[in-house]
Each structure stands twice: as C-alpha cells, then as structure tokens.
Amino acid sequence: MTSTPPTAGAAKSYAAVDLGATSGRVVVGRVGRGELTLTEVNRFANVPVRLPSGLHWNLPGLFTGILDGLREAARTAPAVTSVGVDTWAVDYGLLDADGALLGIPYHYRDARTATVAPQVRDKVGAQELYTVNGLQHLPFNTVFQLAAARDTAQLAAAETLLLIPDLLTHWLTGSVGAEVTNASTTGLLDARTGEWSRDLAARIGLDPALLPPLRHPGESAGELLPHIVAATGLAAGTPVVTVASHDTASAVAAVPLTAPGGAYISCGTWSLAGLELPGPVLTEASRAANFTNERGVDGTFRYLRNIMGMWLLEECRRVWAARGEPSELASLLADAARAEPFAAVIDPDAPEFLAPADMPAAIAEHCVRTGQRAPASRGALVRCVLESLALAHRRVLRRAAALAGRDITRIHLVGGGSRNDLLCRFTADATGLPVIAGPTEATALGNILVQARADGLVGDLAEMRQLVADTQELRHFEPSGDLRAWDAADARVVTAP
C-alpha cells in the first residue's frame, strides 16, 4: 500500500490501546510529515486474579482502564481519528450464543496446561503439528489451553472464541473477528495458507465453528458502540482499526529495519528474538530448535524464539520490594555493573522460572543444581540475569540465522529492555554485533502507524520504518571486550530440554 505523503499541518491523532502482561495503557499518537510523537494518557496495572478455578486475567478491570484512557484521549486530543487494540498473545475468551462472555479468561501462566501437550501430540504428532502451524512448543499455546478445556461446561456452551485483543475490540464495537498476527500464535492457523486449520481443530476435539473470520492489519473492525461513545466522549462514528494485535507484531512493525542484515529483539516481560522473513521455515531442524513462525504486517513472518526476558528481573524486584529490601532499578544496575563477570550463568527458559513464587530463590537453587555458587548479593544476581539474557539472545539469533540462511550484521533491541544500558551492552558484547537500542515504545508506535496507514497518512512498511528511524531516539552500542569470555560462559549454561 502506498499513499501521498501528508502536507504540512496535516498531522492527525490516533489512540492506541496497548496491554502488556503487567500493565496496560492508552497512548495518543500524532502522525504527520516528519512527525511521530506519543503521549501516554492513562496507565493502569494488570494484576492477575487467583480464583478457585485457577489464575485469570481481570479483564473487566482492564476494560475499565481502557475506557478511562479513551476518555482522557478525547479530552486531550479531541480529534482522535481512530482506535486500535494490541495485547499479549495466546489467551482467549469464550462467548455464548448471545455474545456474552463465559467466565473470566485464563492467564497463560495457569497450571492447567502443564500435562496437556503430550496428549495433543499423541493425537497429531509433534512433526505434523509443526508442519501445520510452525509454532515453537510452549505449554501455554492456545491449542494446549483449549485441549485442557475440552471437557468443561464452559467450552461446551461456547459459540465463539475470541483472542484477548479481539474480545476487547468486540466490547468496543460489537463486531467479531480474529486478527491474523495474533491468530498465528494459537497453533490453529495454517502457517502456509494463513487460514484456520479446521482439520487440526477437529482432531484436538475443538468445534471449528468456534473460530471467527480472520482480519488483517489495516482493516476496519467497526465503529465505537453508542454507549462507548457516551462513556468516553469520543466522536460518534469513530472507527476501530484492526492493527497488528499481537503486541510483538506491532513492535516488529516499528523496528527501524531500514537496511538488510538486521535482526530484532523485542524485549519486555519476554524477549522475542529473531528475523523478519518473507515465508515460514518449517524444516525438521527448525522444529527441533523450537523456533516459531508467526505472521507479521504485510504477509511477513516473524521467525523467532521466546526467551523468558525481563520477567526474571522484575520478579526479583517484586520479591525484594515485598520484603522491604532495596529494589530500585538504577541502584541494582549500578551494583550489577560492579559485580564479578560470569560468576554464575543460567538458562532463562528453565521451566522453574515460568511461575515461581520466589524468583531469587529459584535462581539460587538453579545455580547450585548446575554446580555453581548462588549469587551472593542482589547486584550479583542481577548481573547473572542480564548476562544470561545476553547469552540467550546470542544463542537464539545465531541459530535463527543458520536455520534461515541469513547473515546478521546488526541487532535492533526495542521495547522496555532497550532502556537497560547494561543489557544492551552485554548483548553487543556477547554477540560481537552492534546493537541499536530503541524505540522503547515500539509496540505503541506500530499500533499507531498501522492506523495512520489505514487512514492514508503513511505508505508501506518501509515508509513506516523510515519515519520511526527519522523521529525516534536510537542509541548505539558497539561490541567490546573479549568475545572468548562470552564463549566460555555460554559453554557453562545448562539449557532446558
């Protein structure tokens, strides 16, 4: 898609609803010729709720935060052109025949899927499953969540399945659909055709009729419902645009990949490290290496692996804060910079780190179990986490390049992790490649840019990325130090099977 560049003074405002695993926010983006700015108008906590049935998302509370944010957007930027919604992947809600939500959506960290994957593989087979959906094996993928729910009264009563951003869009507009970048994370989308694999759904015991029509980034999802207009003060007829509703897909759309050879790491709660490709890699070697093929904007593929990410550090800080111990990030990073290098290294993806009650204790126990000394201080533990994440970034990107037959000449690190200078420096040193850090707000930027493109204000994906490169703060980290020390540390990591 191309468009005529906007004329001077033609900037417009768009509202992005952006929900992450620990917080949500509404951001107003202003887009024009040489202009791309963001203003956060509301931020709210995303705190899961543990009920007798398990761990759930407080989705009504999140929706209240969204409405509060849209109300503030209407107050501060009266001419909001459209709204777009992105969230995390894999989780879903079920609607009954009247369109009402059945229960409260489960959190992907709930334990109900712990033993389900082998049952699904018995029915389909790991190789065949990968040939169809091209997904990294993660125990919480939607296909496994649905298998865990197979005999429940809730699933039996369901008429429609909506992923979280599609459910929120439904509450805003009344429309029903499944945005394709997020649908590609479910395990039920055919990686080759880009359509639902209804045969696979039926084989795991899911009624294919539950799967809604697919939408693509840039399509209209409808207009705000009258009661939403009344609640927010936004103009009647304000459209909701389907963006790349998987937050990583939105983030990758805003990675300033303006020349060949770039890899990306979208670093937040998770680190998503990989390459943008024109098609999927569905080889047996790719499956064995546990790489995923997820859809991106304009038919691209995000060839990547999930790495546990800043979750490890944030959980440590949460535990320390609850104990009344120092947890301020700047101080912890300063202590980490002074700590002994490579005193202990871990595999961030070890299963004991997925949902521990006490992350510092889990890391210490992992170190002892793998024949290392447990970190002796908070600074040493933070250094262990960041060096281990940098090594994981290195392993994943090198393997992705080999499997896809690509050369990597630089790494773009975006998202909240791009503010962490120590992590950026460690990643450059570990990989021996320059790291371009930023934009921090890649997800919101990608959301806003897809809306602006649907409005004819920017052109194709390359033009969107050039606007990011021209307007956003980018910081450069050149590799330094002894790469052999990183090689030796990597050889000590005991990786999860």
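Located above this text is the structure these notes cover.
**Observations regarding the side chain of Thr300**
In this structure, Thr300 sits in the loop between β15 (292-295) and β16 (301-307). Classification of Thr300 by relative accessible area gives buried; the value is 14%. Excluding its chain neighbours within four sequence positions, the residues that come into contact with Thr300 are Glu276, Leu277, Glu294, Arg295 and Leu461.

**A short note on the packing of aromatic side chains**
What the rule picks out here adds up to nine aromatic pairs. Between Phe342 and Trp486 the ring centres are 4.7 Å apart and the planes differ by 85°, which places this aromatic pair in the edge-to-face class. Within this pair, whereas Phe342 is found in the loop between α13 (329-338) and α14 (359-369), its partner Trp486 is found in helix α19 (residues 483-492), the two being separated by 144 residues in sequence. Assigned by exposure class, Phe342 and Trp486 land together as buried. Members of the aromatic cluster, joined through ring pairs, are Trp57, Trp88, Tyr108, Phe140 and Trp270. Over the face of the ring belonging to Tyr106 we find Arg112, whose NZ or CZ atom lies 3.9 Å from the ring centre.

**Considering the sheet that holds strand β13 (residues 262-267)**
With mixed pairing, seven strands are arranged side by side in an open sheet as β15-β16-β14-β13-β17-β18-β19. Unpaired on one side and paired on the other, β15 and β19 (475-477) mark the two borders of the sheet. Adjacent strand axes in the sheet meet at a mean angle of 30° when their direction is disregarded. Pairing of strand β14 (residues 271-277) with β16, which is carried by seven bridges, proceeds in the antiparallel orientation. Following the sheet pairing, Leu272 is matched in β16 by Asn306.

**A look at the packing of helix α15 (residues 378-404) against α19**
Relative orientation of the contacting elements α15 and α19 amounts to 90°, with a least axis distance of 11 Å. Accordingly, the angle class assigned to the pair α15 and α19 is roughly perpendicular. Between α15 and α19, the contacting residues are Glu387, Ala390, Leu391, Arg394, Arg395 and Arg398 on the first element and Leu483, Trp486, Asp487, Ala489 and Asp490 on the second. Classifying every residue of the contact of α15 with α19 by side-chain character gives five nonpolar, no polar and six charged.

Cut-offs used in this document
Residues numbered from 1 in each chain as written. Predicted model: local features only at pLDDT ≥ 70, side-chain atom pairs only at ≥ 80, totals over all residues. Heavy atoms only, no water. Helix = DSSP H or I, 4+ residues; strand = E, 2+ residues; numbered from the N terminus. Buried < 20%, exposed > 50% of the residue type's maximum accessible area, 1.4 Å probe, protein only. Contact = heavy atoms within 4.5 Å. Phe/Tyr/Trp six-rings, centres within 6.5 Å; stacked < 30°, edge-to-face > 60°. Lys NZ or Arg CZ within 6 Å of the ring centre and 35° of its normal. Pairing = 2+ DSSP bridges. Axes fitted to C-alpha atoms, helices over the stretch in contact; angles between N-to-C directions. Parallel < 35°, antiparallel > 145°, perpendicular 65-115°, else oblique. Nonpolar A, V, L, I, M, F, W, Y, C, P; charged D, E, K, R; others polar.

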